[in-house]
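# Residue-level structure breakdown
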Amino acid sequence: MKPSFKALTGAFLSLLLGASAWAQSFPTRPVTLMVPYPAGGVSDVIARSLNNVLARQLGQPVIVENLGGASGGIAAQKVLNSPADGHMIFQGSPNELVLAPLSNAAIKYKPEDFRLVQMITINPLVMLARRDLPAANGDELVAYARKSAAEGKPLTFASVGPGSLYHLLGEHLSKATGIPMTHVPYKGGAPALQDVMAGQVDIFMTPYGRGQVDMVEQGKLKATAVLSADRQALFPKVPTLDESKALKGFVFETWAGFFVRKDTPEPIVQALHKALSEVAADPTVRAALEAQAMVVPAPQPLPALGKLYADNTARYQAIARSMHLQPQ
């Protein structure tokens, strides 16, 4: 027998009331903020600048967990393997959710498996180099890279893993100049920087914060160029790549946001969105992140975030296709 309209209506109302009660009780235990890179990098700095404020908003401790590997894919998969109940939040970007699946055949998830709940930062990029690299701008870098390649010692560039944005930037640099370069992947920004400081790798195009600025000022690293359209306040004397003749138009930035599984119940998403919007508007959080050279955008409504994520997914996939990126 077919269920009556009254029975269907009752069942639907029960589901709504149950979801509402769930949202009112959320969270029921500590929340994990999953950072897809080792401690010490820019992503870790973001998480630890706001986890205590988020804990106050949620009424539960927020524990930062660092899990590097596979360009962020290992951490992202762990979130997908966890219950869709909002107690595990992924702090990430298109780098981990869009590009990693395009380059690593072992990564089976798709960008659509995640939902963006709120943005937190827009991050300018800098090209850091070993301190003795004989290049102080884009044109000098290209000249040095061409000379090194001719001598059989191609310029090496670090990334946080195959298929990451920083891998693509290196490949794009090689393609734009027609100069062979060698990719050296790492599990995160911190170990990559260690090898650049040790002179094991030539350059690393990466987001930066106060820590990286201090390393440059202390002479441990060289800032060869920034990838933004304009010079950066924390690197006022460092030219943009766009200022060079060889790399005119080489302008990129990235951003970070908070994601959950796409099948997380809507009341839970709404509760997290509200809490994360309060965090993004918190003066102490904004001051801490802005001191690290990050731009903190105004909190956005969920529909706008959905469009932003879809648009960015399409853009990054187009960049990957232009680089002929293939799963390995």
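Residues numbered from 1 in each chain as written. Predicted model: local features only at pLDDT ≥ 70, side-chain atom pairs only at ≥ 80, totals over all residues. Heavy atoms only, no water.

This part covers the overall build of the protein. If you tally the helices and strands in the protein, you get eleven helices and nine strands. Taking 20 Å as the expected radius of gyration for a compact globule of 328 residues, we find that the protein reaches 22 Å, a close match to that expectation. Considered along the principal axes of its C-alpha atoms, the protein spans approximately 80 × 45 × 30 Å. A total of 328 residues make up the protein; the buried ones form 54% of that total. Carbon and sulfur atoms make up 58% of the accessible area of the protein, which totals about 14500 Å². A gap of 4 Å separates the mean positions of the 30 positive and 25 negative side-chain charges of the protein. (Helix = DSSP H or I, 4+ residues; strand = E, 2+ residues; numbered from the N terminus. Rg over C-alpha atoms; globule rule 2.2 N^0.38 Å. Buried < 20%, exposed > 50% of the residue type's maximum accessible area, 1.4 Å probe, protein only. Areas by Shrake-Rupley, 256 points an atom, 1.4 Å probe, with all protein chains shown as cover. Lys, Arg positive; Asp, Glu negative; His and termini not counted. Charge placed at Lys NZ, Arg CZ, Asp CG, Glu CD.)

For strand E5 (residues 155–159) and strand E6 (residues 181–185), the ladder comprises five bridges, and the chain directions are parallel. Bridging across to E6, alanine 158 finds its partner in valine 184. As for the winding sense of the linkage, the β-α-β connection from E5 through helix H6 (residues 165–177) to E6 is right-handed. (Pairing = 2+ DSSP bridges. Right-handed = clockwise from strand over helix to strand, strands pointing away.)

With that settled, the discussion passes to unusual backbone geometry. Residues other than glycine predominantly adopt negative phi, and peptide bonds predominantly adopt the trans conformation. For the peptide bond that leads from phenylalanine 26 to proline 27, omega is -10°, which places it in the cis range. Mapped onto the elements, proline 27 comes out in the loop between helix H1 (5–25) and strand E1 (31–35). For serine 71, which is not glycine, the phi dihedral falls at a positive 55°. Within the fold, serine 71 resides in the loop between strand E2 (62–66) and helix H3 (73–81). Taking the relative accessible area as the measure of exposure, serine 71 reaches 2% and is therefore buried. For alanine 293, which is not glycine, the phi dihedral falls at a positive 75°. With respect to the helices and strands, the residue alanine 293 is situated in the loop between helix H10 (283–290) and helix H11 (302–322).

Each pair of packed helices can be summarised by the angle the axes make with each other and by the distance between the axes. Between helix H2 (residues 42–58) and H10, the least distance of the axes is 10 Å, while the angle of their chain directions is 170°. One element, H2, and the other, H10, form an angle in the roughly antiparallel class. When H2 is examined against H10, the residues Ile46, Ser49, Leu50 and Val53 are found in contact with a partner set consisting of Thr284, Val285, Ala288 and Leu289. By residue class, the composition of the contact of H2 with H10 is six nonpolar, two polar and no charged. (Axes fitted to C-alpha atoms, helices over the stretch in contact; angles between N-to-C directions. Parallel < 35°, antiparallel > 145°, perpendicular 65-115°, else oblique. Contact = heavy atoms within 4.5 Å. Nonpolar A, V, L, I, M, F, W, Y, C, P; charged D, E, K, R; others polar.)

One finds Phe114, Leu169, Leu173, Ile203, Leu227, Phe235 and Phe250 to be the most contacted residues of the largest nonpolar core, which totals 101 residues. Among the elements that take part in this core, strand E4 (residues 114–130) stands out by supplying ten residues, more than any other. For phenylalanine 250, the contacting residues outside a window of four places in its chain are Leu169, His172, Leu173, Met205, Leu227, Leu241 and Asp242. (Core = buried A, V, L, I, M, F, W, Y, C linked by side-chain atoms within 4.5 Å.)

Our focus in this paragraph is the side chain of serine 93. Relative to the helices and strands, serine 93 is located in the loop between strand E3 (88–92) and helix H4 (94–103). Look at serine 93 and you get buried, because its relative accessible area is 5%. If sequence neighbours within four positions are ignored, serine 93 has contacts with Thr254, Trp255 and Phe259.

Counted under the stated rule, the structure contains 15 salt bridges. The partner of aspartate 44 in a salt bridge is arginine 48, and the shortest N-O contact between them spans 2.8 Å. Here aspartate 44 and its partner arginine 48 are both found in helix H2, four residues apart, which amounts to about one turn of the helix. Put simply, arginine 210 and glutamate 217 hold a salt bridge, and the shortest N to O gap is 3.2 Å. For arginine 210, a relative accessible area of 27% gives the class partly exposed. Linked by salt bridges that have partners in common, Arg130, Asp132 and Asp202 make up one network. (Salt bridge = Lys/Arg side-chain N within 4 Å of Asp/Glu carboxyl O.)

Moving on, we get to the environment of glycine 73. Examined against the element boundaries, glycine 73 turns out to sit in helix H3. Judged by relative accessible area, glycine 73 falls into the buried class, the value being 5%. Residues glycine 73 and leucine 97, 24 residues apart in the sequence, show an inter-C-alpha distance of 7.5 Å.

Here we take up the environment of aspartate 242. With respect to the helices and strands, aspartate 242 occurs in the loop between strand E8 (221–226) and strand E9 (253–261). Using a relative accessible area of 17% as the deciding quantity, one classes aspartate 242 as buried. Along the primary structure aspartate 242 and valine 42 are separated by 200 residues, whereas in three dimensions their C-alpha atoms are 24 Å apart. Setting aside residues no more than four positions away along its own chain, aspartate 242 makes contact with Leu247, Lys248, Gly249, Phe250 and Val251.

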